[in-house]
There are 2 protein chains.
Amino acid sequence: MTDQRKITLDESELPTHWYNIVPDLPTPPPAPLHPATHEPVGPDDLAPLFPIELIMQEVSQEQYVEIPEPVRDVYRGYRPSPLYRALGLEKRLGTPARIYYKYEGVSPAGSHKTNTSVPQAYYNSLHGITRLTTETGAGQWGTALAYACALFDMSCEVWQVGVSFDTKPQRRTLIEVFGGTVHRSPSRMTQSGRAFPDDHPGSLGIAISEAVELAAQDEGAKYALGSVLNHVLLHQTVIGQEALTQLAKAGESAVDHVIGCAGGGSNFAGLAFPFLREKLQGRLSPTITAVEPTSCPTLTRGEYRYDFGDSAGLTPLMKMYTLGHDFVPSPIHAGGLRYHGMAPLVSHVFHEGLIEAAALHQNECFEAAVEFARVEGIVPAPESAHALAQARRVALAAKESGTEEVIVVGLSGHGLLELGAYEKYLAGQLGDDPLSDADLADALAHLPAV
Amino acid sequence: MTDQRKITLDESELPTHWYNIVPDLPTPPPAPLHPATHEPVGPDDLAPLFPIELIMQEVSQEQYVEIPEPVRDVYRGYRPSPLYRALGLEKRLGTPARIYYKYEGVSPAGSHKTNTSVPQAYYNSLHGITRLTTETGAGQWGTALAYACALFDMSCEVWQVGVSFDTKPQRRTLIEVFGGTVHRSPSRMTQSGRAFPDDHPGSLGIAISEAVELAAQDEGAKYALGSVLNHVLLHQTVIGQEALTQLAKAGESAVDHVIGCAGGGSNFAGLAFPFLREKLQGRLSPTITAVEPTSCPTLTRGEYRYDFGDSAGLTPLMKMYTLGHDFVPSPIHAGGLRYHGMAPLVSHVFHEGLIEAAALHQNECFEAAVEFARVEGIVPAPESAHALAQARRVALAAKESGTEEVIVVGLSGHGLLELGAYEKYLAGQLGDDPLSDADLADALAHLPAV
């Protein structure tokens, strides 16, 4: 093992392919269904929203999908991303565990989201698309897509969840610096938005409906999704592939824990699926854990059912852990984790017992994040703080039992645009809002009958 | 030459020494003088403020000063910093020039300031110092020192220039996340601060007076300065040394322009002095340019005179280009460039004709910064934007003349905590406030008679 702080890779070690876990799974994941007919969705159904390359990736049975050279060229600006050994944190916790974190905050958008925004913009650009629409929660996805659109000369229109729009003007400005346009969601521009009052806090489900509605109406426009779908998870697998190479370089032959935060599931899958491949093939045997907030506990308290990806029911029905497509989570600061569902692929491997899940309160997450910042010099995104807090639990258990475990954490992004949340935490003004049983029952009552 | 976007170095290529330009200069720089006696300052005069190692570095005649291993260990977390070839920007400008930028925004504080905060905290920690005081303008230096103090278990107290404190709460929060304490300057805690009204916008000069006053009163406390002094410039020379190695790696055997922004002068010197060494020794012949704002045009319109480093006259008298120690520049957004003086070493080499200077309006700088962000994926700090705007001028001139020049720009930090300034720029609400002749004459009238 290494005592280097930072394990870097050369450009030559940048992955050449994305990894598709589907053909490696013991059982195939359930197909998405057409919202009206309840028949399996075909490529034609998705054509109004996505270019053909992404549709083919969505249903691909190939284990590896080649990364186009123009995409690799942009990746090279910030990838391979560093894997850090958390020497400062280990010392602070007094744990015999070795903690590594894979840091995606080095990207232009400050998070993993660029890994998929760049190929999505690229594929759309091949078909003369001039405008991409999307939703954003915390704002990381909107930023990433605006950046990618600027690179490929497309305009970018972002519906931002109301509560984030209201409390984080910096995010809007950053999207505008990259040339994008931002609308508060629910907006007055769409039928889906007008169904809600002006001052509604919004949700990812509503914002998705708005962006989808607009894209479907404009021939030159397509829609881009920042998580949930198979092709998005696919693009993120550069994270886990690089991490495996870096751990080998650090001399680690075993991994005991892989921990990532999960909102829609793409950051988690990007890190975890290459490790799950190693586990399925018997080369590694880590416990793989998805961490979510107690206020939006999709995996830990949701139902595994067919549900819509958006609030208006415009998307296909996907079999996933869900709290109901019209669930509006409390406005916690990890905006990227406020999604009612979970990526069908992540839901499937969880249902099959191949991964674990945990739900944490946001105060515990911010406590871990501040501790981390002071010893490691990086302020984590509130989403990433969930993974760090879970890693802290595991590292302290290892201290208790005196075992030399290896922990790999996904640090999906930095929190420099979320300092308002840190300010509240430091002032003791941050609430914990676990979802109540009554609200959960109410949310689940609205699931579609499929 | 390379067409790689990112030229990285291994940890093994991290500089082992800082470079001291003093013994290489054709003429020695004028000595600092005691504020009361006007005699040259000796080590004893500085002992209440700084530990002995920093005092010896301040007056060192050694060409190279070894970087202590604990400092190199922290540097390894983020250094060697990347040198980027600005392929996107070159294409956008249509210039035959090759533009490289050395990016210091990868550090924990998001700027070059950690290069000196870490050694300053380290040396103080060797002497049982438990508290460091300092000033900060935009907040980058306060952040860097708070981070370094957290690493070496010291408390950190920061006087932040009032106008920055009022308009940038995120910076304060970031300093607090790293465990530091922030006071608005002018504060009520010091005699120097109480000389000004509560709602005074403040200046770096006033904030320095406050931090120095407090440190001088407390035996367990010392003061740390983020720029101006020789030892601070010395620590920053890792930037230029790495850049030279990286340019060689990129296959560049000649450099035509080296451009850095200059407030106190440490970022500029850190990049430029290793290049100036090459120039003095006849191996390279770049034009080296310090860029400052028209609202605080120290080199371009100040006088080369002995003046105080702070507003209350507590520091030694230093021979430097100055606008007068009680000059309060207009509240432009490049807070780090709002300093009345210029590092004595930078002033000296400018006076000797070894470097050039240029002053730019902030709107031109933000225009260059937005253009840069859209093609390069990095939002520059408003300070760094000054260097980018000057580089843009040079690159467009090269386009005009059809010459294949090599331009090296210092990108001292990211602007993710300065998005309020970008918001104003995008809304067309950013003023240009060049210093008027009357205000300049008034400021210069208050220079001490030495």
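Going by the structure above, here's the rest.
Residues numbered from 1 in each chain as written. Chains lettered and ligands numbered in written order. Predicted model: local features only at pLDDT ≥ 70, side-chain atom pairs only at ≥ 80, totals over all residues. Heavy atoms only, no water.

## Observations regarding the interface of chain A and chain B
In step 1: Taken together, the contact pairs 37 residues of chain A with 37 residues of chain B.
In step 2: With both sides pooled, the region where chain A packs onto chain B buries about 3,100 Å², and carbon together with sulfur makes up 58% of that total.
In step 3: Taken together, the links from chain A to chain B amount to 3 salt bridges.
In step 4: Our count for the contact surface shared by chain A and chain B stands at 12 residue pairs in polar contact (both at pLDDT 80 or more).
In step 5: Residue assignment for the side of chain A that touches chain B shows that the elements contributing at least two residues are α6 (140-151), α8 (169-177), α16 (362-376) and α18 (419-426) of chain A.
In step 6: Class assignment of the residues belonging to the side of chain A that touches chain B gives a composition of 18 nonpolar, 7 polar and 12 charged. (Contact = heavy atoms within 4.5 Å. Buried area = accessible area lost by both parts, 1.4 Å probe. Salt bridge = Lys/Arg side-chain N within 4 Å of Asp/Glu carboxyl O. Polar contact = N/O pair within 3.5 Å; in protein donor to acceptor, adjacent residues only side chain to side chain. Helix = DSSP H or I, 4+ residues; strand = E, 2+ residues; numbered from the N terminus. Nonpolar A, V, L, I, M, F, W, Y, C, P; charged D, E, K, R; others polar.)

## Digging into the sheet that holds strand β4 (residues 83-85) of chain A
All names here are of chain A.
In step 1: Taken in spatial order, the 7 strands of this open sheet run β1-β4-β5-β15-β10-β11-β14, and their pairing is mixed. The open sheet is flanked by β1 (6-7) and β14 (356-360), the only strands paired with a single partner.
In step 2: Pairing geometry for β1 and β4, over 2 bridges, is antiparallel. Counterpart to I7 in the pairing with β4 is L83.
In step 3: Together, β1, β4, β5 (98-103) and β15 (406-411) form the strand contacts of helix α12 (residues 238-249), whose direction differs from that of β5 by roughly 140 degrees.
In step 4: Set on the sheet, α16 makes contact with β4, β5, β14 and β15; between it and β14 the angle comes to about 95 degrees. (Pairing = 2+ DSSP bridges. Axes fitted to C-alpha atoms, helices over the stretch in contact; angles between N-to-C directions.)

## As for the sheet that holds strand β7 (residues 155-161) of chain A
Residue and element names in this part refer to chain A.
In step 1: One open sheet holds the 4 strands; their spatial order is β8-β7-β6-β9, and the pairing between them is parallel. Each edge of the sheet is formed by a strand with only one pairing partner; in this case those strands are β8 (181-185) and β9 (221-223). Geometrically, the sheet is characterised by an average inter-axis angle of 25 degrees between neighbouring strands, direction not taken into account.
In step 2: Pairing analysis gives 3 bridges linking strand β6 (residues 131-136) to β9, with the strands arranged parallel. Bridge pairing links T133 to Y223 in β9.

## What about the packing of helix α16 (residues 362-376) of chain B against helix α17 (residues 382-401) of chain B?
Residues and elements named next belong to chain B.
In step 1: As a packed pair, α16 and α17 sit with axes 8 Å apart at the nearest point and diverge in direction by 85 degrees. Here α17 runs roughly perpendicular to α16, going by the angle between their axes. Contacts between α16 and α17 involve E364, C365, F366, E367, A368, A369, E371 and F372 on the former and, on the latter, P382, A385, H386, L388, A389, R392 and R393.
In step 2: Its residues assigned to classes, the contact of α16 with α17 comprises 9 nonpolar, 1 polar and 5 charged. (Parallel < 35°, antiparallel > 145°, perpendicular 65-115°, else oblique.)

## Here's the deal with the pattern of salt bridges
In step 1: For the structure on display, the rule yields 47 salt bridges over all chains.
In step 2: For E69(A), the salt bridge identified is with R76(A), shortest N-O distance 2.9 Å.
In step 3: A residue is classified by how much of its surface remains accessible, and R76(A), at 15% relative accessible area, is buried.
In step 4: As a salt-bridge pair, R79(A) and E104(A) come within 2.7 Å of each other at their nearest N and O atoms. Residue R79(A) is located in the loop between α3 (69-75) and β4, and its partner E104(A) is located in the loop between β5 and α5 (114-125); the two are separated by 25 residues in the primary sequence.
In step 5: Given the relative accessible area of 1%, E104(A) is considered buried.
In step 6: Several salt bridges converge on common partners, so that one network encompasses R5(A), E11(B), E69(B), R72(B), D73(B) and R76(B). (Buried < 20%, exposed > 50% of the residue type's maximum accessible area, 1.4 Å probe, protein only.)

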